[in-house]
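Survey of secondary and tertiary structure
Below, each chain spelled out in residue letters.
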Amino acid sequence: MADDTVDDRIDVVQGDITRLDVDAVVNAANKQLKRGGGVDGAIHKAAGPELQKALDGIGGCPAGEAVVTDGFNLPAGHIIHTVGPVWHGGDEGEDETLASAYRTSLAKAEEVGAARVAFPAISTGVYNFPQERAAEIAVQEARAWLREHDTPQRVVFCAFDAMTTAAYEKALAR
Ligand code: AR6
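These lines cover the structure that appears in this document, whether it is placed above or below. (Residues numbered from 1 in each chain as written. Predicted model: local features only at pLDDT ≥ 70, side-chain atom pairs only at ≥ 80, totals over all residues. Heavy atoms only, no water.)

1. So, the layout of surface pockets
- Of the pockets and cavities examined, the largest pocket occupies roughly 600 Å³.
- In this structure, the largest pocket is lined by 28 residues; those nearest its centre are Ala28, Gly38, Val39, Ala121 and Gly125.
- Put simply, the parts of the chain that give the lining of the largest pocket at least two residues each are helix H2 (38–47) and strand S6 (154–159).
- Class assignment for the residues of the lining of the largest pocket results in 13 nonpolar, twelve polar and three charged.
- Estimated volume of the second largest pocket: approximately 170 Å³.
- What lines the second largest pocket is a set of 14 residues, and nearest its centre among them are Lys31, Ala63, Gly84, Pro85 and Val86.
- Partitioned by chemical class, the residues of the lining of the second largest pocket number five nonpolar, six polar and three charged. (1 Å grid on protein atoms, 1.4 Å probe; cavity = no way out; pocket = protein on both sides within 12 Å on 5 of 7 lines; lining within 4 Å. Points joined across faces, edges and corners; volume = space filled by probe spheres on them. Helix = DSSP H or I, 4+ residues; strand = E, 2+ residues; numbered from the N terminus. Nonpolar A, V, L, I, M, F, W, Y, C, P; charged D, E, K, R; others polar.)

2. What to know about helix H5 (residues 131–148)
- Here H5 contains 18 residues, and its C-alpha end-to-end distance of 26 Å stays within 8% of the 26 Å for a straight helix at 1.5 Å per residue.
- Of all the positions in H5, only Ala134, Ala135, Ile137, Ala138, Val139, Glu141, Ala142, Arg143, Trp145 and Leu146 are classed as buried. (Expected span 1.5 Å × (residues − 1). Buried < 20%, exposed > 50% of the residue type's maximum accessible area, 1.4 Å probe, protein only.)

3. Some thoughts on the sheet that holds strand S5 (residues 116–119)
- With mixed pairing, six strands are arranged side by side in an open sheet as S1-S6-S5-S2-S4-S3. Unpaired on one side and paired on the other, strand S1 (10–14) and strand S3 (66–70) mark the two borders of the sheet. In this sheet, adjacent strand axes meet at a mean angle of 25° when their direction is disregarded.
- The sheet contact formed by S3 and strand S4 (residues 78–82) spans five bridges and is antiparallel. By the bridge assignment for S4, aspartate 70 is matched with histidine 78.
- Contacting strand S2 (24–28) and S4, H2 crosses the sheet at an angle of about 130° to S2.
- Of the strands in this sheet, S1 and S6 are in contact with H5, which crosses S6 at around 170°. (Pairing = 2+ DSSP bridges. Axes fitted to C-alpha atoms, helices over the stretch in contact; angles between N-to-C directions. Contact = heavy atoms within 4.5 Å.)

4. Some words on the environment of arginine 174
- Structurally, arginine 174 can be placed in the segment after helix H6 (162–173).
- Arginine 174 sits 137 residues away from glycine 37 along the chain, and the two C-alpha atoms are 32 Å apart.
- Within polar-contact distance, the side chain of arginine 174 engages the side chain of glutamate 136 at 3.4 Å. (Polar contact = N/O pair within 3.5 Å; in protein donor to acceptor, adjacent residues only side chain to side chain.)

5. What about the environment of isoleucine 79?
- Relative to the helices and strands, isoleucine 79 resides in strand S4.
- Among all residues touching isoleucine 79, those that are not within four sequence positions of it are Val25, Asn27, Ile43, Ala47, Leu51, Val67, Val68, Thr69, Asp70, Gly71 and Leu74.

6. Considering empty space enclosed by the protein
- With the rule as written, the count across this model stands at one cavity of 30 Å³ or more.
- Approximately 40 Å³ is the volume found for the largest cavity.
- Around the largest cavity sit Tyr102, Ala121, Thr124, Gln131, Ala134, Ala135, Ala138, Thr164, Ala167 and Tyr168, which together line it.
- Of all the secondary structure elements, the ones that give two or more residues to the lining of the largest cavity are H5 and H6.
- For the lining of the largest cavity, the element with the most residues is H5, which contributes four residues.
- Along the lines of polarity and charge, the residues of the lining of the largest cavity split into seven nonpolar, three polar and no charged.

Below is the structure:
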């Protein structure tokens, strides 16, 4: 069942997350917090070299958790770096780790007072998590959070391509 009240606070946009004018963007990072490819590479490129220095000071982040840095050269004031699960077939707690990545990122967004937070499709690239299943978890966790919290006011799901947009729309239609 679609949850109309909280769904009014969820947006799906297609494009490059580094360009979004939001208060915080979430990064799909790795446990070492070392610059990688995909959305992580794009965020590092746009934020500038100070970002890696800040992450080196933090040192690392377990899967399912999140850490915050400044946004540096991004329009967003904060970057929330979360580590999603690597997909190993679904029997290694991947669903729960992904759900936890969303929950801890939303908690960090609340902590920094971000009114709008944008998420990429965590784990669905290099980490190979099935896209529709990931979108369902993302929507489920966003709805659960928004029902209980005023901050963030809005959650933006930033899809990089049409397939990802369709996966969010399908999940939101449930
Ligand atoms: N804006 C929005 N979404 C993007 C962008 C962008 N600029 N670029 C890619 N995506 P991935 P993961 C989408 O692989 O699976 C890195 O090396 C992409 O199409 O970035 O969590 C890290 O360092 C896909 O839908 O993240 C880790 O080692 C989604 O972002 C590892 O990859 C996530 O794909 C994390 O893998």
